[in-house]
Amino acid sequence: MTEKINNAISKRDFLQTIGMIGGSAAVMTALSGFENSFASEMTAPPMLSTSGKGQKVIVLGAGLAGMVSALELSKKGYEVELLEARDFAGGRTSCSRKGTKVTQADGTIETCDFEHGQYLNHGAWRIPGQHHSTLHYCRTLGVPLEVMLNHSSQSYVYSDSIEGPLNNKRVRRIHMEADRKGHVAELLAKCASGGALDDILTPEDIEKLLTYLKSMGLINADTFEYQANAIRGYSTYKGAGENYGTLSEPYDLSELLNLNIQTRELTSDHPTCMFQAVGGMDALSFALRDALPRGTMKLNKEVTKISQTNDGVSINYKDTKSGRERTTKGDYLISTIPFAVVTEIENDFNQDIIDAMKTPAPSQVSKFGLQMKTRFWEVEDMIYGGVSSTSMAGTIAYPSADLHGNNGGVILASYLFGGLSTAFSKMNIDQKVEYALSTGENIHPGNYRQNFNGKAAGIIWEDEKYNKSGWSSWRGDSIKKLPTILKGENRVLFAGDCIAPRLSGWMAGAIEGAWITIAELDKRAGRA
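Predicted, not measured: the structure shown is a model, and the values here were computed from it.

As for the overall build of the protein chain
- A count of helical and extended segments in the protein chain gives 16 helices and 26 strands.
- Here the protein chain has a C-alpha radius of gyration of 26 Å; the compact-globule value for 528 residues is 24 Å, and the two agree.
- Expressed as lengths along the three principal axes of its C-alpha atoms, the size of the protein chain is roughly 80 × 65 × 40 Å.
- The 528 residues of the protein chain split such that 52% are buried.
- In the protein chain, the share of contacts with a sequence separation of at least 24, taken over all contacts with a separation of at least 6, comes to 69%.
- Summed over its atoms, the accessible surface of the protein chain is roughly 24,300 Å², and 50% of this surface lies on carbon and sulfur atoms.

Here you go:
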């Protein structure tokens, strides 16, 4: 028996069983003494060993991956020409702020008119401490950071498509989380004390488990019943004198089992406290842009053809302002253009490369923000940063900047994926605003619509001509085709978060994808 308990596989089976019952919260309870985290192993750009002098590299796309590639190669002496189809640098690390123009699916152009210097991050909006590569450039380029509150226990979850009394009811996140953990702790304690775990745990381990479960402060130490507690909070808060407060009553387990959203716990790269660039995530884009040698970047240059030989590359591009077409040549090419876009550009890539780039699925993603006159979510609901989650509007995120400020703020009112994003794309601007208001009113009745100042802006990534998706998603066995892309062909290589499948959608994915690619290019240049 003891040998079985000490076997790592048996313990893993035990943890998997707990996970099936109570989710990751219960697993983390059982693993409370362990430290498990996933952090990027790349903390700085690769050391390039080849002198780049006399060699020209063409980089396509001035998102983070393109600018990082251009910056690091330029430092080593390579001549770099960076072509970008849009009239700004940064790609998905961009923002809606006063004056930003976004073209809608129907061709109309919406201009953002947010007041007070406020903004909405179009893409990247948070940096976990594990993403050392992103923090490297923030630090070395002088991009100031501030705390981004990713999780608020006072925010809400709301579903309109479940059975039971919690349907169409906003539920405080702390109530949901405490009740789920409490009910699981009760079940686990009763199983342990009743002998149900005797076949997989020693008596000593059962006693230790019971001690831990009782110390959580959620269950009765004698009966193991889950009960009202200070962790869940108060329906009337305690105060001075004889105001002892009234503990709030938990939801029944059967009710919570119907509440089918936000069942996943925070992950290691989505902790409560994260970071954001002061004034908007495009601050990092601006810093990279400004660090490039003068003349490196050329905006409004739409690539129309990619050609290659055994010893060089040729790029045809069109100036989107003048319509003039030109050709540029180089020794090497790094394409950071999203796969869904570059595969539609005329090229002479081999079929294996094209098939591999068409393997990851484009993601449908929308972000839409509403500017509010007051910070009612702080004053009325005690929500500071974090997100509320709904079955209709996806994620509603509250700004972490300017807490307790007097000028309101921009709420990420609709963060939509998949079919919800596609449906949102088909709406005109007035319909989008109404959709966001009506769903937000479920979370903040009487405050959401009343405090909206009439200013809204956002982006739908699947409708963006030069993106066509929020990011590329490698699923299942599709990852087997990644080595084909990493290898590239002849003098052509690829970079971006699309070659960092475990960091897809993150700024770190774009940066570290660039680092991998420039290291490979440098090796090839050294052998040439």
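There is more to say after this.
Here we look at the pattern of salt bridges
- What the rule picks out here adds up to 21 salt bridges.
- For the salt bridge of Arg92 with Asp497, the shortest nitrogen-to-oxygen distance reads 2.8 Å. In this pair, Arg92 is assigned in the loop between β2 (79-83) and β3 (95-96) and Asp497 in the loop between β26 (492-494) and α16 (507-527), connecting sequence segments 405 residues apart.
- Residue classification places Arg92 among the partly exposed positions, given a relative accessible area of 25%.
- For Asp497, a relative accessible area of 5% gives the class buried.
- For Arg170, the salt bridge identified is with Asp381, shortest N-O distance 3.6 Å. Of this pair, Arg170 sits in the loop between β8 (156-158) and β9 (171-172) while Asp381 sits in the loop between α11 (376-379) and β21 (387-390), and the two are 211 residues apart along the sequence.
- Exposure remark for Asp381: the relative accessible area of 4% places this residue in the buried category.
- Here the salt bridges share partners, and the residues they tie into one network are Lys56, Glu81 and Lys298.

Some words on the pairing of β2
- Among the five residues of β2, four are classified as buried, and the element is accordingly described as predominantly covered.
- Both strand β1 (residues 56-60) and β2 contribute to a ladder of five bridges, which runs parallel. Paired with Leu60 across the strands is Leu83, a residue of β2.
- Note that the unit made of β1, helix α3 (residues 64-75) and β2 has a crossover that is right-handed.

Let's talk about the side chain of Thr296
- Here Thr296 shows up in the loop between α8 (282-291) and β13 (297-298).
- Excluding anything up to four places from it in sequence, Thr296 contacts Ala70, Val80, Glu81 and Leu82.

A look at the pairing of β1
- In terms of burial, β1 is largely enclosed, as five of its five residues are buried.
- The side-chain alternation of β1 yields two buried faces, one formed by Lys56, Ile58 and Leu60 and the other by Val57 and Val59.
- In the sheet, β1 pairs with strand β17 (residues 332-335) via four bridges, with the strands oriented parallel. Looking across to β17, one finds that Ile58 is bridged to Leu333.

A few points about the nonpolar core
- In this structure, Met67 and Leu73 are the most contacted members of the largest nonpolar core, which totals 40 residues.
- Looking at this core, the elements that each hand over two or more residues are β1, α3, β2, α4 (132-140), α8, β17 and α16.
- Tallying contributions element by element places α16 first for this core, with eight residues.
- Residue contacts for Leu73: discarding those within four places in its chain leaves Leu48, Val57, Tyr78, Val80, Ile334, Ile518 and Leu521.
- Within the second largest apolar cluster, 26 residues are counted, among which are Leu60, Val303, Ala356 and Phe494.

Quick notes on the packing of aromatic side chains
- Considering all chains together, one arrives at eleven aromatic pairs under this definition.
- Plain terms: the ring middles of Trp125 and Tyr415 are 5.8 Å apart, the flat faces sit at 90 degrees to each other, and that makes the pair edge-to-face. With Trp125 in the loop between β6 (120-121) and α4 and Tyr415 in strand β23 (residues 409-417), the pair connects residues that are 290 residues apart, well separated along the chain. We note that Trp125, like Tyr415, is buried.
- Between the aromatic rings of Phe417 and Trp471, the centroid separation amounts to 6.2 Å while the plane-to-plane angle is 55 degrees, which identifies the pairing as tilted. Residue Phe417 is found in strand β23, and its partner Trp471 is found in the loop between β24 (452-460) and β25 (472-473); the two are separated by 54 residues along the sequence.
- Residue Phe417 is classed as partly exposed on the basis of its relative accessible area, which comes to 39%.
- For Trp471, a relative accessible area of 22% puts it in the partly exposed group.
- By the ring-pair criterion, three or more aromatic residues cluster together here, those being Trp125, Tyr415, Phe417 and Trp471.

Thresholds, definitions, all that
- Residues numbered from 1 in each chain as written.
- Predicted model: local features only at pLDDT ≥ 70, side-chain atom pairs only at ≥ 80, totals over all residues.
- Heavy atoms only, no water.
- Helix = DSSP H or I, 4+ residues; strand = E, 2+ residues; numbered from the N terminus.
- Rg over C-alpha atoms; globule rule 2.2 N^0.38 Å.
- Buried < 20%, exposed > 50% of the residue type's maximum accessible area, 1.4 Å probe, protein only.
- Contact = heavy atoms within 4.5 Å.
- Areas by Shrake-Rupley, 256 points an atom, 1.4 Å probe, with all protein chains shown as cover.
- Salt bridge = Lys/Arg side-chain N within 4 Å of Asp/Glu carboxyl O.
- Pairing = 2+ DSSP bridges.
- Right-handed = clockwise from strand over helix to strand, strands pointing away.
- Core = buried A, V, L, I, M, F, W, Y, C linked by side-chain atoms within 4.5 Å.
- Phe/Tyr/Trp six-rings, centres within 6.5 Å; stacked < 30°, edge-to-face > 60°.

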